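Secondary and tertiary structure notes
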Amino acid sequence: MAKTANSPKSFESAIAELESIVQEMETGNITLEQALEHYQRGAGLLKYCQETLQAAEQRVLQLENGVLTPLDNPDDRRSPE
């Protein structure tokens, strides 16, 4: 994932910026041109977040050697009665 001048610093900063864009657009106090710019930026941020999550999923799959295992259920650890 190549970073450009407009790329967010991190996944978390992209999410925060997306939330800010949504809040601003929901107010309805922006011009049509601003709404279009916000929409375009939001679409780019969404793509960045999706790619970041896909990369994280691939890393997890590699770490688990291609097999995801379920987390232990705390109830399963009880000693037999």
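Up top you'll find the structure we're talking about.
First, a word on scope: everything that follows refers to the structure included in this document. (Residues numbered from 1 in each chain as written. Predicted model: local features only at pLDDT ≥ 70, side-chain atom pairs only at ≥ 80, totals over all residues. Heavy atoms only, no water.)

1. Quick word on the overall build of the protein
Note the threshold: By the criteria applied, helices consist of DSSP H or I runs no shorter than four residues and strands consist of E runs no shorter than two, each listed in order from the N terminus. Each residue is placed in one exposure class: buried if its accessible area under a 1.4 Å probe, protein chains only, is under 20% of its type's maximum, exposed if it is over 50%, and partly exposed if it falls in between. Residue contacts follow a heavy-atom distance rule, with two residues in contact if any of their heavy atoms lie within 4.5 Å.
When its secondary structure is counted, the protein shows two helices and zero strands. Here the protein holds 81 residues, and 14% of them are scored as buried. Nonlocal contacts in the protein, meaning residues at least 24 apart in sequence, comprise 62% of its contacts between residues at least 6 apart.

2. Thoughts on helix α2 (residues 32–63)
Spelled out, the test is: Every helix has an expected span of 1.5 Å times one less than the residues it contains.
Between its first and last C-alpha, α2 extends 46 Å over 32 residues, near the 46 Å set by a 1.5 Å rise per residue. Among all positions of α2, only His38, Gly42, Leu45, Tyr48, Cys49 and Thr52 are buried. For α2, the secondary structure elements touched by its buried residues are α1 (11–27). The positive-phi residue at the C-terminal boundary of α2 is Asn65, with phi of around 55 degrees.

3. Observations concerning the side chain of His38
Within the fold, His38 resides in helix α2. On the basis of relative accessibility, which here comes to 18%, the residue His38 falls in the buried class.

4. Regarding the packing of α1 against α2
The condition that has to hold: Angular values range over 0 to 180 degrees, each being the angle between N-to-C directions of two axes fitted as lines to C-alpha atoms, with helices fitted over their stretch in contact. By the definition adopted for this analysis, an angle is roughly parallel if under 35 degrees, roughly antiparallel if over 145, roughly perpendicular if from 65 to 115, and oblique otherwise. Crossing handedness: left-handed means the near helix sits turned counterclockwise from the far one by under a right angle, and right-handed means the same turn made clockwise.
Two elements in contact, α1 and α2, have axes whose closest approach is 9 Å; the angle formed by their N-to-C orientations is 150 degrees. The angle between the axes of α1 and α2 places the two elements in the roughly antiparallel class. Once α1 is placed against α2, the crossing between them reads as left-handed. For the pair α1 and α2, contact is made by Phe11, Ala14, Ile15, Glu17, Leu18, Ile21, Glu24 and Met25 and by Ala35, His38, Tyr39, Arg41, Gly42, Leu45, Leu46, Tyr48, Cys49, Thr52 and Leu53, respectively.

5. Regarding α1
Residue pairs three or four apart in sequence face the same way in an α-helix, which turns once every 3.6 residues. Convention followed: This arc corresponds to the set of directions leading from the helix axis out to the C-beta atoms.
With 17 residues, α1 extends 25 Å between its outermost C-alpha atoms, agreeing within 8% with the 24 Å of an ideal straight helix rising 1.5 Å per residue. Within α1, burial applies to Ala14, Leu18 and Ile21. Taken down its axis, α1 places every buried residue within 65 degrees of arc, on the same side. Facing away from the buried side of α1 by over 90 degrees, the exposed positions are Glu12, Gln23 and Glu26. Residues of α1 that are buried sit in contact with α2. Within two residues after α1, Gly28 carries a phi angle of roughly 75 degrees, on the positive side.

6. Some thoughts on the pattern of salt bridges
Pairing of side chains with opposite charge becomes possible as their charged atoms draw close. Formally: In the sections that follow, a salt bridge refers to a side-chain nitrogen of Lys or Arg positioned within 4 Å of a carboxyl oxygen of Asp or Glu.
Taken as a whole, this structure holds two salt bridges when the rule is applied. We note a salt bridge from Lys47 to Glu51, for which the minimum N-O separation is 3.9 Å. Highlighted residues: Lys47 and Glu51, both in helix α2, separated by four residues, approximately one helical turn.

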